[in-house]
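Close look at the chain arrangement
So the chains spell out like this:
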Amino acid sequence: MGTMRTESGALAAGRTGLRDPDAGVLSLALMDARNQTLQLLARYDEAMAAGLKVPVRPEFELPQWIAGHLGWFAEYWIGRNPRRGLGARCPADAPRLASIEPMADRWYHPLLSPHDARWDLPLPTPSELRAWLMETLERTVDLLDHAGPDDDGLFFFRAALLHEDLRGEQLVRQAQALGLSMPIRLPAALALREPVQLPATRWRLGSEKGGFVFDVEQWAHEVEVPEFEIDAQPVSWSQYVEFVDDGGYDRQELWRDDGWAWLERLAQSEGRRGPRHVDQIGVASGAVLQDLFGRPTRMAPQQPAMHVSWWEADAYARWSGRRLPTEVEWEVAAHRAASRGFRWGEVWEWTAGTLRPYPGFEAHAWTRHGEHEAEPVFAKARVLRGASFATRPRIRSPKFRGWALPDRDDHFVGFRTCAI
């Protein structure tokens with residue numbers, strides 16, 4: 001067993017400077033994020049004019065609603081919010097000024113426009129929507145010039161920026177599910193490296209105060225971490241093919257009961273014998289053909305396996321005689337093992353634990369309005385760590401704590417394993 005030690009300071013905090021930009025950087029970043037939104041929206045508009053349909057299903061959202069909602073979010077929490085200077089202490093029910101669009105709340109407030117009803121809303125035309133997005137951006141940037149320079153004064157501006165980046169990845173992820181072409185760099189192939197051995201330590205899990213911190217990362221607390229061995233990179237397609245070749249999708253003993261029930265349902269409806277969007281797995285050749293943004297794509301053997309549910313990741317880990325990492329193990333390795341070959345950021349990664357609040361957790365006001373709210377799925381969702389090829393750099397942090405229910409396979413998600 002290695003010597004116990006405590007990590008502290010900037011390294012343990014995981015602060016990169018990208019989550020706590022000053023007003024000057026924020027202004028440019030807000031314009032960059034809105035430009036990205038407009039580009040993604042243009043691709044959807046073109047495809048939908050040619051006949052693309054977005055189905056009314058829980059995992060989908062109307063792209064026009066997402067875009068309009070981004071303008072609404074900034075206006076509601078910044079332009080219409082006289083108490084925005086309170087930052088995270090601003091109450092969710094703070095009085096609001098009138099919107100520049102009388103129908104804005106009816107259209108874009110998540111609590112006033114339930115998900116399935118959004119397909120029936122008389123949403124603005126594409127040109128009207130773009131005008132709304134530009135007008136709300138201009139007002140946001142103008143107000144930023146007069147905002148307080150501290151964390152409270154910049155809180156909602158930073159929230160609006162990171163929220164737009166999160167929604168942008170949602171649009172890309174949804175394009176993949178719909179087969180819509182996107183000019184996106186695909187995951188890189190990673191050279192196979194030996195697993196990394198890390199000594200026991202005491203670790204500050206979560207984020208320290210200062211800058212912008214997502215509520216599910218609040219607050220940093222000390223955790224004892226025993227010595228562990230973790231893969232240097234996510235499980236590759238060549239490794240995953242071995243699991244399939246060895247009957248991984250036919251051996252019930254490898255699966256948890258809920259996972260096996262999930263697999264049987266999909267096997268009956270779609271003949272599931274591999275991750276989502278996979279058309280072919282050549283067990284003899286090791287070749288994998290996966291649909292990526294509407295095109296069958298031959299995946300390189302050393303590219304990370306992607307569109308894997310938590311159930312599949314857990315079954316693979318059991319088959320390999322290993323286990324999924326805990327989120328604190330993943331976080332320790334991301335901070336301390338980069339120089340030893342630990343690589344992350346091509347795909348999101350499942351971890352072993354369920355999503356639970358950290359000590360001191362308190363939901364942000366904006367999440368209580370239906371924005372990436374974690375509380376309803378505490379003890380149900382599984383924790384995601386890292387980032388994907390579609391994640392904007394501002395979101396990327398070894399402290400970022402995402403989540404999804406274990407049957408979700410539409411995210412750009414893979415996994416790595418640890419020794420038992």
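Quick look at the structure, then. Note that the structure is a prediction, hence the values are computed from the model and not measured. Residue numbering note: each chain is counted from 1, following its sequence as written. Confidence filtering applies because this is a predicted model: local features only for residues at pLDDT of at least 70, side-chain atom pairs given and counted only at 80 or more, and all residues used for totals across whole chains, interfaces and linings. Note that water and hydrogens are dropped before the side-chain values are worked out from all heavy atoms of the structure.

1. What about helix 6 (residues 151-178)?
Note the cut-off: Helix numbers and strand numbers start at the N terminus; a helix is a DSSP run of H or I with at least 4 residues, a strand a run of E with at least 2. For a helix, the expected span equals 1.5 Å multiplied by the residue count minus one. Two axes enter the bend calculation: one fitted to the seven residues ending at the residue in question, the other to the seven starting there, and the bend is the angle between them. Type-normalised accessible area, obtained with a 1.4 Å probe on protein chains alone, sets the label of each residue: buried when under 20%, exposed when over 50%, and partly exposed for intermediate values.
Taking 1.5 Å of rise per residue, 28 residues should cover 40 Å, and helix 6 covers 39 Å from first to last C-alpha, within 8% of that figure. Phe-157 marks where helix 6 bends most, by close to 30°. Here helix 6 lies mainly inside the structure; 25 of its 28 residues are buried. Of the residues flanking the end of helix 6, it is Gly-179, one or two places downstream, whose phi is positive at about 75°.

2. As for the pattern of salt bridges
To be explicit about the condition: In what follows, salt bridge is the name for a side-chain nitrogen of Lys or Arg lying within 4 Å of a carboxyl oxygen of Asp or Glu.
This model, assessed by the stated rule, comprises 35 salt bridges. Residue Asp-165 pairs with Arg-392 through a salt bridge whose shortest N-O separation is 4.0 Å. Placement of Asp-165 in helix 6 and of Arg-392 in the loop between strand 10 (382-386) and strand 11 (402-404) is noted, with a sequence separation of 227 residues between them. Like Asp-165, the residue Arg-392 is buried in the burial classification. As a salt-bridge pair, Glu-312 and Arg-272 come within 3.3 Å of each other at their nearest N and O atoms. Highlighted residues: Glu-312 in helix 9 (residues 310-319) and Arg-272 in the loop between helix 8 (257-270) and strand 5 (278-281), separated in sequence by 40 residues. When salt bridges with common partners are traced through the structure, they connect Glu-270, Arg-272, Arg-276, Glu-312 and Asp-409 into a single cluster.

3. What to know about the layout of surface pockets
What counts here: Using a 1 Å grid laid over the protein atoms alone, points where a 1.4 Å probe fits but cannot get out form a cavity; open sets with protein on both sides within 12 Å along at least 5 of 7 lines form a pocket; any residue with an atom within 4 Å of a point counts as lining. Grid points are joined across faces, edges and corners, and a volume is the space filled by probe spheres set on the points.
In this model, the largest pocket occupies a volume close to 1100 Å³. In terms of lining, the largest pocket is formed by 35 residues, of which the most central are Arg-173, His-372, Glu-373, Trp-403 and Arg-408. For the lining of the largest pocket, the elements supplying multiple residues, two or more each, are helix 6 and strand 11. Here the lining of the largest pocket takes 5 residues from helix 6, the largest share from any one element.

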